[in-house]
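# Fold and geometry: a report
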Amino acid sequence: MNLFPLKSRLLGCSLLALLLVSGCQKKENPNSNPQPTPPATPTASVPSQVAFWLTNPDKSALFTKQKVSLYFATSVNQDPTIVVDTTQTYQTIDGFGYTLTGGSAYVMHQMSAPDRAALIKELFAADSTWLGVSYLRISIGASDLSDRVFTYDDLPSGNTDPNLEQFSLAPETTDLLPVLKEILAINPAIKILGSPWTAPSWMKTNGSPKGGSLKPEYYAAYAKYFVKYIQAMKAQGIRIDAVTLQNEPLNPDNNPSMVMSAPEQAAFIKVVGPALQAAGLDTKIIAYDHNADKPDYPITVLNDADARQYVDGSAFHLYGGNISALTQVHGAFPSKNVYFTEQWVGAPSNFVGDFSWHVNNLIIGATRNWSRNVLEWNLAADPFNSPHTNGGCSTCLPAVTIGNGSVTRNVAYYIIAHASKFVRPGSVRIGTNVPGNLQNVAFKTPTGKKVLIVLNTGNTMQSFNIQYRGKVVSSSLYGSAAGTYVW
């Protein structure tokens, strides 16, 4: 992941980038290896103390609840042991989810009303049956996965609107707002993060929606843009919990995009922070929103004491760098939060490599490095991974593909499911060790449940123990398989 500093999907979505994001694993011929025989486990004859949900690399189980009886008892074997310790507590979790891009909203809105309602319930309902997605990111204006480029105050070339008299959410009324309202009807407590891909072109140094920077003379106008956006969304019944000030501020190559250096972001925060406060808004400001290879960016912003007072924390992607950078930033500013806000899956997906890499680095890695959330990139697209802008990502595989009257659940669906269904908002990460290839993370939920997510990063089946309060449960996972254990 250190081989490229900027987001690979925006550099042509090359084969090298696909291999890196897929964990640098060689694609396998699905017919080259027979499906393994599932490990022997006790058949459930009585209710189990531990619920066990499994995804196998050969897809013989895809986030499937296992019919086994798992009971805590005295250990009688020498297998590796994961010790779960509720006395060690770390960060509180806000949620797990996706980015509801403009393109996602478009393809979802094209579904029949009953089909869309069923999909939204499947994704966002929080009862025992559904995925319980609890966090969404949306773009403020267009992202590269919108069908066209727009902001909420676009003007003819040469015109300006410093008082934002032309500001309007009208571009979102066809798809995004209706779909968001249907989601909120199912999960009214879902947290929503807004991120802009660009300011209006008339505010920028190059007068274009692609590249360029925000002119200092328009800092106040752009701060007002954020205020009006949050207020307009509130008027629609949509609460914006947090905003980042620029998606990928070091990437000028996306369409749309805007460059914002760390000193520029700190300077802008000192304008937008007071503007939000003056408007009586409690929306969080989250810095950075780019790759883990530049932890110096959020540290520079937070080193500015005048800016720091307005900043809730920092957000990261992992198209470059190492997930441990989140802990580096947390260590420098332990009172500030850390978030993980985007990672794509490249089409065509290598299920084994993508699933293992994302669970290891994001679901486990990001949360073990203090992140309060984990968001995969695009929620939904059509069978051609569209819509997208001219030059936007054409190979971003969504969590669900919608088309031809059907819904296909892709790898990001299962990656998020292993956490979102059980690690509810307000859960707290708790202590575990990491024996050998058994990467893992554990949480205690607001209702007192313990949730342990385990990934076997080895190549062969591994038997192991889960120890809690001196007693153990025994289980097994194939190489690249993941299990979520709940008790």
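On to the sheet that holds strand 3 (residues 81-92). Strand order in the open sheet formed by nine strands is 2-1-20-17-16-15-3-18-19, with mixed pairing between adjacent strands. Looking at strand neighbours, the two that pair on one side only are strand 2 (64-65) and strand 19 (471-477), the edges of this open sheet. Taken together, the seven bridges between strand 16 (residues 438-444) and strand 17 (residues 450-456) define a ladder with antiparallel strand orientation. The residue bridging Ala442 from the neighbouring strand is Leu452, located in strand 17.

Glancing now at the nonpolar core. Counting residues in each nonpolar core, the largest one holds 115 residues, and the members touching the most others are Leu100, Leu214, Tyr229 and Phe268. If you tally residues by element for this core, the top one is helix 5 (residues 219-235), at ten residues. Setting aside chain neighbours within four positions, we find Leu100 in contact with Ala105, Met108, Leu136, Arg137, Ile138, Leu176, Val179, Leu180, Ile183 and Leu379. If you look at the next biggest cluster of nonpolar residues, it comprises 23 residues, including Phe72, Ile466, Tyr468 and Val473.

To continue, consider the environment of Met111. Examined against the element boundaries, Met111 turns out to sit in the loop between helix 2 (102-109) and helix 3 (113-124). On the basis of relative accessible area, Met111 is assigned to the buried category, the value being 12%. Met111 sits 291 residues away from Ile402 along the chain, and the two C-alpha atoms are 8.1 Å apart.

Mean pLDDT over the protein: 92, with 91% of residues reaching 70 or higher. Below pLDDT 50 for its whole length, residues 1-44 participates in 90 contacts with residues either more than four positions away or in separate chains.

This part is about the packing of aromatic side chains. On inspection of all chains with the given rule, the structure shows 26 aromatic pairs. When the ring of Tyr288 is compared with that of Tyr297, the centres are 4.7 Å apart and the planes differ by 35 degrees; the resulting orientation is tilted. Here the aromatic residues Phe150, Tyr152, Phe167, Tyr219, Tyr222, Tyr225, Phe226, Tyr229 and Phe268 are joined through ring pairs into a cluster of three or more. The ring centre of Tyr413 lies 6.0 Å from the NZ or CZ of Arg409, which sits over that ring. Above the face of the Tyr90 ring, Arg429 is positioned so that its terminal group lies 3.9 Å from the ring centre.

Along the polypeptide, Ser104 turns up in helix 2. There is a polar contact of 2.6 Å between the side chain of Ser104 and the side chain of Asn378. Apart from residues lying up to four places away in sequence, Ser104 is in contact with Thr99, Asn378, Leu379 and Ala380.

With that out of the way, let us pick up the sheet that holds strand 11 (residues 371-378). Taken together, the eight strands give a closed barrel; going around it, the order is 4-5-6-7-8-9-10-11, and neighbouring strands pair in parallel fashion. Between one strand axis and the next, the sheet turns by 30 degrees as a mean value, whatever way the strands run. In this structure, strand 8 (residues 284-292) lies alongside strand 9 (residues 311-321), joined through seven bridges in parallel fashion. In the sheet register, Ile286 faces strand 9, and the bridge partner there is Gly313. The sheet contacts of helix 10 (residues 351-368) involve strand 4 (95-99), strand 9, strand 10 (337-342) and strand 11, and relative to strand 11 the element is tilted by about 150 degrees.

Another aspect to go through is unusual backbone geometry. Across the junction of Asn255 and Pro256, the peptide omega takes the value 5 degrees, indicating a cis bond. Here Pro256 is to be found in the loop between strand 7 (242-244) and helix 6 (262-278). Ser386 connects to Pro387 through a cis peptide bond whose omega is 0 degrees. Unlike most non-glycine residues, Asn385 shows phi in positive territory, near 55 degrees. Relative to the helices and strands, Asn385 is located in the loop between strand 12 (380-381) and strand 13 (400-403). Even without being a glycine, Asn404 presents a positive backbone phi close to 55 degrees. Here Asn404 is to be found in the loop between strand 13 and strand 14 (406-409).

Running from N to C, helix 6 and helix 7 (residues 296-303) cross one another at 40 degrees; their axes reach a closest spacing of 9 Å. Considering the angle they form, helix 6 stands oblique to helix 7. Seen along the crossing, helix 6 lies across helix 7 with a hand that is right-handed. The segment helix 6 lies against helix 7, with Ala262, Gln265, Ala266 and Ile269 engaging Tyr297, Thr300 and Val301. Of the residues assigned to the contact of helix 6 with helix 7, the class counts are five nonpolar, two polar and no charged.

Conventions we followed
- Residues numbered from 1 in each chain as written.
- Predicted model: local features only at pLDDT ≥ 70, side-chain atom pairs only at ≥ 80, totals over all residues.
- Heavy atoms only, no water.
- Pairing = 2+ DSSP bridges.
- Helix = DSSP H or I, 4+ residues; strand = E, 2+ residues; numbered from the N terminus.
- Core = buried A, V, L, I, M, F, W, Y, C linked by side-chain atoms within 4.5 Å.
- Buried < 20%, exposed > 50% of the residue type's maximum accessible area, 1.4 Å probe, protein only.
- Contact = heavy atoms within 4.5 Å.
- pLDDT = per-residue confidence, 0-100.
- Phe/Tyr/Trp six-rings, centres within 6.5 Å; stacked < 30°, edge-to-face > 60°.
- Lys NZ or Arg CZ within 6 Å of the ring centre and 35° of its normal.
- Polar contact = N/O pair within 3.5 Å; in protein donor to acceptor, adjacent residues only side chain to side chain.
- Axes fitted to C-alpha atoms, helices over the stretch in contact; angles between N-to-C directions.
- Parallel < 35°, antiparallel > 145°, perpendicular 65-115°, else oblique.
- Left-handed = near helix turned anticlockwise from the far one by under 90°.
- Nonpolar A, V, L, I, M, F, W, Y, C, P; charged D, E, K, R; others polar.

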